[in-house]
Amino acid sequence: MIRNYLKIAFRNLMKSKVFSFINILGLTIGITVCMMIFLFIMNEFSVDKFHANGDRIYRVLRSYERDGQPGSVAYLSGMHSPALMNDFKGQIERSVRVSTAEELVTIGDRSFQEKKVLNADRDFFRLFSFPMVKGNAATALQNPAQVVLTETTAKKYFGTVDEAMGKQITLHKTLPLTVTGIVKDVPSNSHLQFDLVVPLDNYKDWGVMTGWLNNGVFTYVQLSPGTTRAEVEKQFPQYMEKYLGADMRKYGFAWGLSLTPLKDIYFEAPAEFGDSIRHGDKTVVFIFLSIAILILLIACINFMNLSTIRAAERSKEVGLRKVLGALRNHLVGQFIGESVLLTLISCVLAVLLLWLTMPWYNQLLGYSLTVSWNTPNLWLFLVGVIIVVGFLAGSYPAFVLSAFSPVQALKSRLNLGKNGASFRQVLVVVQFSISVFLIVGTLIITRQMNYMKGMQLGYNQEQTVSLPVDNEDIYRNLDAFKTGLKQHSAVQEVSWMSGEPGGFFDAYVFDVEGRSERWNARTEFADFDFVKTLGLKIIAGRDFSATFPTDSTEAVLVNKTAVANLGWTPAEAIGKWIQNTARDSAKRRIVGVVDDFNFESLKENIAPLVISPVEDKRVILVRLNPGNIPAGIDLIKKEYSKVAPAYPLEYKFLDRKFNDMYKKDLRQQTLLTVFASLAIFVACLGLFGLASFTAAKRFKEIGVRKVLGSSVKGIVVLLSKDLLKPVVIATCIALPAGYWAMNQWLQNFAYKTPVSGWVFVLAALITFGIALITVSMKAVRAALANPVKSLRTE
């Protein structure tokens, strides 16, 4: 019986090619978008789920309080790991420290600047389940002279995985390492990404490994079976008092520890100071899920509308089958069979379309999805789509068609009634409400991104090149590099610092003149040329100067927000003393106040900032004179090769850092633009179908009107107004909803574009214009038709 239903269904689909094509195209697009987002969601929620004993693995988080506001950061001192193993015997089974790095790798005369290097304890591959292709997970990192590579890295270095085993590489020119293990490439659904893993034992003399106050490594622990997170966390205050109590009181820190389950790290809100790993956003996941459902809903509405209005065309078929004894449930089965077949065809086309667009989709996401085509969940999802869309979307037309009276059907006097027309209009309203909502969202996100791009940040970012101090050669020879650059007329200013605008800025606690309570502020450690290089404005006092020899040890600059936060005017701040409780051995005097500049993301308000001439070289900024920028870059490369010849020069322009800071938001903008375009396209497909039906239904009426003298314009208006009325209603509903939703989204930004009325007018005009063009295409064609053709049978 099912086979017969499908045969009849296929025959009927072929009879109405236009309506079938519109339905299939709409459903194909809707299902493709759903599959894209389903794969994205599967990937997001599968992060770190592949590790054995993952439910017992936690990352230790350091909490703090500043100005009464709690915060957290993932970086800890390397001394915590052995202390935790010692103090929590029987409760913590294993502890592993991990730090991220960029390293120069040398193999013979070839060099590679690797950006994904992990320094880890020897039990790294026993704690985490990264599959080994070659080597033993238990012994691969036991010796400091060992290294583990991923498959792709091994092939890049040595051609094949087998050739790589036992070979030697050299790290930062001084550390020879032997390849003792090869692991499969790290999947994108891992919060830790790496190409090489180096034993952390090589860096046991690092400051972060020898001092409790120096924080720079992640610490992961595996709890013993039967031990709960709450049991361990309850003992952390006593543990912190034992090891850090005296130091915290001395320097004014208020630190604590907590445990974050491995499965929650990815969706954990990035800590205030970042943690150099990839994070997801559940809000984005749910937004995309909603968009997928809405676009599929639009396609389903198309199907229901077009199937229902075809009822009049199939009235005689229904009547004849009823006269010949067909029961209503047989007719319902036939029509649902047609619906399922159409959905099945759409699913096949959607899989093909997804396969073709997958490279573009991965590029847009910024990583490759790990979900394979043979994943059962993917096919279960498609079966679910066929059932939901095929049965539910097809059920309304099926019951409407099967309910026709055979007598009325055979006389071709069917009337779908006002209720049917009203229901169809409600469905069109829903379709275009979704489309208008997505258009509003796209316009406001685009406007916000453009607003931030064009915003004056308070510093000179044009012609300014940023270079990381990421190797010993450039660190040791930085003064020579700076001197060499400043000898050339193409270079305006050069400065080294601890963090460039948009980068990392440390937070420290200060003792302040006239305040009994300690004060928290962000800190920039920089040389005397910092202000000149960034073009900052001094609003009180003076800049650092070599004519004041004591500035290196006794002076600081602060920003305008810091002065206001301390309750002073800029003039009053000059001469006041402050002291960094962790870095300064003596008090420093404020010699100048700089105007505020946005040194962090525009999602944050400007924080108090202290600029101190203390040596902490992490970044170099080179400000070039306007003119021949390529020549300036060549000059930087030449001078760099003199002081660090073994290392490739990596640089970024400061004014292009925007794309790095707001990468996630820019991707959301692109995806939302694509999805909004698809939504309006699918909605217009349905509107085109309704226009086709209306033109066909009123074919003879149009002929009579033309004979009686109606103009083409009058007929087009007549046919269009009823179809465009739901679009106008939808616009009126969607605009307030869009205004509310985007206002909520803009709250994520400290600096936001005003939500102007023209944005909503433009969204309305775009929607109405596209709908008008869609309807007019059919209306004009009907109006231009020869009236003789429509009246010859009368």
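Reference entry: report on the structure contained in this document. (Residues numbered from 1 in each chain as written. Predicted model: local features only at pLDDT ≥ 70, side-chain atom pairs only at ≥ 80, totals over all residues. Heavy atoms only, no water.)

### Quick look at the overall build of the protein
The condition that has to hold: Numbering of helices and strands runs from the N terminus, with a helix taken as a DSSP run of H or I at least four residues long and a strand as a DSSP run of E at least two residues long. For each residue, the accessible area found with a 1.4 Å probe, counting protein chains only, is set against the maximum for its type, and the residue is called buried under 20%, exposed over 50%, and partly exposed in between. Should any heavy atoms of two residues lie within 4.5 Å, those residues are considered in contact.
Regarding its fold elements, the protein presents 29 helices and 22 strands. Relative to its 794 residues, the protein shows a buried fraction of 53%. In the protein, once contacts between residues fewer than 6 apart in sequence are set aside, the share between residues at least 24 apart is 80%.

### Description of helix α23 (residues 629-643)
Selection criterion: An expected span of 1.5 Å times one less than the residue number is assigned to each helix. The directions considered for the arc run from the helix axis to the C-beta atoms. Counted as a polar contact is a pair of N or O atoms within 3.5 Å, where, for protein atoms, one must be capable of donating a hydrogen and the other of accepting one, and residues adjacent in sequence contribute only when both atoms are in side chains.
Compared with the 21 Å implied by 1.5 Å per residue over 15 residues, the 22 Å span of α23 between its first and last C-alpha is a close match. Ile 629, Gly 632, Ile 633, Leu 635, Ile 636, Glu 639, Tyr 640 and Val 643 are the residues of α23 that are buried. Down the axis of α23, the smallest arc covering the buried residues is 155°, so these residues share one side. Residues Pro 630 and Lys 642 are exposed on α23 and point more than 90 degrees away from its buried face. Along its buried surface, α23 packs onto β12 (464-468), α17 (472-476), α18 (478-486), β13 (491-497), β21 (619-624) and β22 (652-653). Where α23 starts, the residue carrying a side-chain oxygen 3.2 Å from the main-chain nitrogen of Ala 631 turns out to be Asn 628.

### Concerning the packing of aromatic side chains
This is how it is decided: Any Phe, Tyr or Trp ring, taking Trp's six-membered ring, that has another such ring centre within 6.5 Å forms a pair; planes under 30 degrees apart are called stacked, those over 60 apart edge-to-face, and the others tilted.
Following the criterion strictly, the structure yields 35 aromatic pairs and no others. Where Phe 38 meets Phe 381, the ring centres are 4.3 Å apart and the plane angle is 10°; that geometry is what we call stacked. Of this pair, Phe 38 sits in helix α2 (residues 17-45) while Phe 381 sits in helix α14 (residues 376-402), and the two are 343 residues apart along the sequence. On the numbers, 5.9 Å between centres and 80° between planes, the contact of Phe 124 with Phe 194 is edge-to-face.

### Here's the deal with helix α9 (residues 236-251)
Where we set the bar: Throughout, bend refers to the angle between the axes fitted to the seven residues that end at a position and the seven residues that start at it.
Along α9, the sharpest kink reaches roughly 75°, centred on Leu 244. Every buried residue of α9 is listed here: Phe 236, Tyr 239, Met 240, Leu 244, Gly 245, Met 248 and Tyr 251. Elements in contact with the buried residues of α9: α3 (80-87), α8 (229-233), β11 (255-261) and β14 (506-512). Looking at the residues trailing α9, positive phi occurs at Gly 252, about 80°.

### Focus on the sheet that holds β13
Going by this rule: In short, DSSP must find at least two bridges between two strands for them to pair. Interaxial angle, 0 to 180 degrees, is taken between N-to-C directions of lines fitted to C-alpha atoms, where a helix line uses only the stretch in contact.
Strand order across the open sheet formed by four strands is β13-β21-β12-β22, with antiparallel pairing between neighbours. Across the chains shown, the open sheet's two edge strands, defined by having one partner strand only, are β13 and β22. As paired strands, β13 and β21 are joined by six bridges and run antiparallel to one another. Following the sheet pairing, Val 494 is matched in β21 by Val 622. Across the sheet, α18 touches β12, β13 and β21, and the angle it forms with β13 is around 165°. Lying on the sheet, α23 is in contact with β12, β13, β21 and β22; it crosses β21 at an angle near 140°.

### Focus: a nonpolar patch on the surface
Applicable threshold: Patch membership requires over 30% relative accessible area and the absence of a salt bridge. Like charges are linked within 9 Å, and nonpolar side chains (Val, Leu, Ile, Met, Phe, Trp, Tyr) within 5 Å. Per-residue and other accessible areas were derived by the Shrake-Rupley procedure at a 1.4 Å probe size, with only the shown protein chains allowed to occlude residues. Just to be clear on terms, a salt bridge is a Lys or Arg side-chain nitrogen sitting within 4 Å of an Asp or Glu carboxyl oxygen.
The grouping of Leu 352, Trp 355, Leu 356, Trp 373 and Trp 379 at the surface amounts to a nonpolar patch, some 560 Å² of accessible area in total. Considering every element that reaches the nonpolar patch, the biggest residue donor is helix α13 (residues 328-365), with three residues. As for its position among the elements, Leu 352 is in helix α13.

### Considering the environment of Gly 26
Structurally, Gly 26 can be placed in helix α2. When its relative accessible area of 1% is taken as the criterion, Gly 26 is described as buried. The sequence separation of Gly 26 and Ile 295 amounts to 269 residues, and the corresponding C-alpha distance is 9.2 Å. Those residues in contact with Gly 26 that lie beyond four places of it in its chain are Ala 299, Val 682 and Leu 685.

### Some thoughts on the nonpolar core
Here is a general trend for soluble globular proteins: nonpolar side chains tend to be buried in one another's company. Definition in use: We define the nonpolar core as a collection of buried residues of types Ala, Val, Leu, Ile, Met, Phe, Trp, Tyr and Cys that are connected through side-chain atoms lying within 4.5 Å of one another.
Core analysis: the biggest nonpolar cluster contains 115 residues, and Ile 31, Met 35, Phe 432 and Phe 530 have the highest contact counts within it. With sequence-adjacent residues up to four places away left out, Phe 530 is seen in contact with Ser 495, Met 497, Glu 524, Leu 536, Phe 597 and Ile 611.

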